[in-house]
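# Geometric and topological summary
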Amino acid sequence: GQNIDQPTEMTATEGAIVQINCTYQTSGFNGLFWYQQHAGEAPTFLSYNVLDGLEEKGRFSSFLSRSKGYSYLLLKELQMKDSASYLCAVRSNTNAGKSTFGDGTTLTVKP
Amino acid sequence: DVKVTQSSRYLVKRTGEKVFLECVQDMDHENMFWYRQDPGLGLRLIYFSYDVKMKEKGDIPEGYSVSREKKERFSLILESASTNQTSMYLCASRDTTYEQYFGPGTRLTVT
């Protein structure tokens, strides 16, 4: 099965940089997702890492180390609208590729 | 744009009632998923389907069943609703790539 850990809450200041970590133990790994979810809304896709390394997409970057079972989401130039929950999810290479989600990290951006 | 719709945003049912949650996607995706989301427990997979009339149990299938008679529609059924099934229910669909597209969610309250 999958076990995914990420911090419950984080707080950061507008304009700053924040890193949200995710560690996982898995019996079969295909890739790792990051989703953003604003309160009361559905999750929206941010990134998917399959290979080790950093992938950058605008203000957001995602890093993966498969050997360490570790990923992080890096948010730069924080804006108030970045206040949301950030979900880490691991996709299995078995079971029809189902994904297991972490509990999410609630990020609060303060002025 | 991919669109995933769910039949209701809010639903209130009584204990013991049979409840149907409907999900429809318009992008001819093969894979569809039902999750529930609870504070502190994250997103948990109930059932998924990778083809018409095919279904697989997720991590918490007890008390639920599903139906996929047509490719675009995936229904979640609570045979006899109980108070511990009060939750946010999220449907998602995915094609042969990796990104899951989520519906807006149904907040179900069982009294």
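Higher on the page you've got the structure.
These numbers come from a predicted model, not from an experiment.

### Regarding the environment of Asn30(A)
Residue and element names in this part refer to chain A. Tracing the chain through its elements places Asn30 in the loop between β3 (18-26) and β4 (31-37). When the C-alpha positions of Asn30 and Leu51 are compared, they lie 9.3 Å apart, and in sequence the two are 21 residues distant. In contact with Asn30, not counting residues within four places along its chain, are Tyr48, Val50, Arg91, Ser92 and Asn93. A distance of 2.7 Å separates polar atoms of two side chains, one belonging to Asn30 and the other to Tyr48.

### Topic: the interface of chain A and chain B
With 19 residues of chain A at the contact, the number on the chain B side is 21 residues. Roughly 1,600 Å² of surface becomes buried between chain A and chain B when both sides are summed, with 54% attributable to carbon and sulfur atoms. Of all residues in chain A, Phe45(A), Lys98(A) and Phe101(A) give up the largest surface area on contact with chain B, accounting jointly for 29% of the area buried on that side. In this structure, the connection of chain A to chain B is made through 1 salt bridge. With a shortest N-O distance of 2.9 Å, Asp59(B) and Lys98(A) are connected by a salt bridge. For the side of chain A that touches chain B, the elements supplying multiple residues, two or more each, are β4, β5 (44-49), β9 (84-91) and β10 (99-101) of chain A. Taken together, the residues of the side of chain A that touches chain B break down into 9 nonpolar, 7 polar and 3 charged.

### Looking at the pairing of strand β8 (residues 73-78) of chain B
Residue and element names in this part refer to chain B. Counting buried positions along β8 yields 5 of 6 residues, so the element is predominantly enclosed. With 6 bridges joining them, strand β3 (residues 19-25) and β8 adopt antiparallel strand pairing. The residue of β8 that forms the bridge with Cys23 is Phe74. Where strand β7 (residues 65-70) and β8 come together, 4 bridges link them in antiparallel fashion. The partner of Ser65 across the bridge, within β8, is Ile77. Linking β7 to β8, which pair antiparallel, is a turn of 2 residues.

Calculation rules
- Residues numbered from 1 in each chain as written.
- Chains lettered and ligands numbered in written order.
- Predicted model: local features only at pLDDT ≥ 70, side-chain atom pairs only at ≥ 80, totals over all residues.
- Heavy atoms only, no water.
- Helix = DSSP H or I, 4+ residues; strand = E, 2+ residues; numbered from the N terminus.
- Contact = heavy atoms within 4.5 Å.
- Polar contact = N/O pair within 3.5 Å; in protein donor to acceptor, adjacent residues only side chain to side chain.
- Buried area = accessible area lost by both parts, 1.4 Å probe.
- Salt bridge = Lys/Arg side-chain N within 4 Å of Asp/Glu carboxyl O.
- Nonpolar A, V, L, I, M, F, W, Y, C, P; charged D, E, K, R; others polar.
- Buried < 20%, exposed > 50% of the residue type's maximum accessible area, 1.4 Å probe, protein only.
- Pairing = 2+ DSSP bridges.

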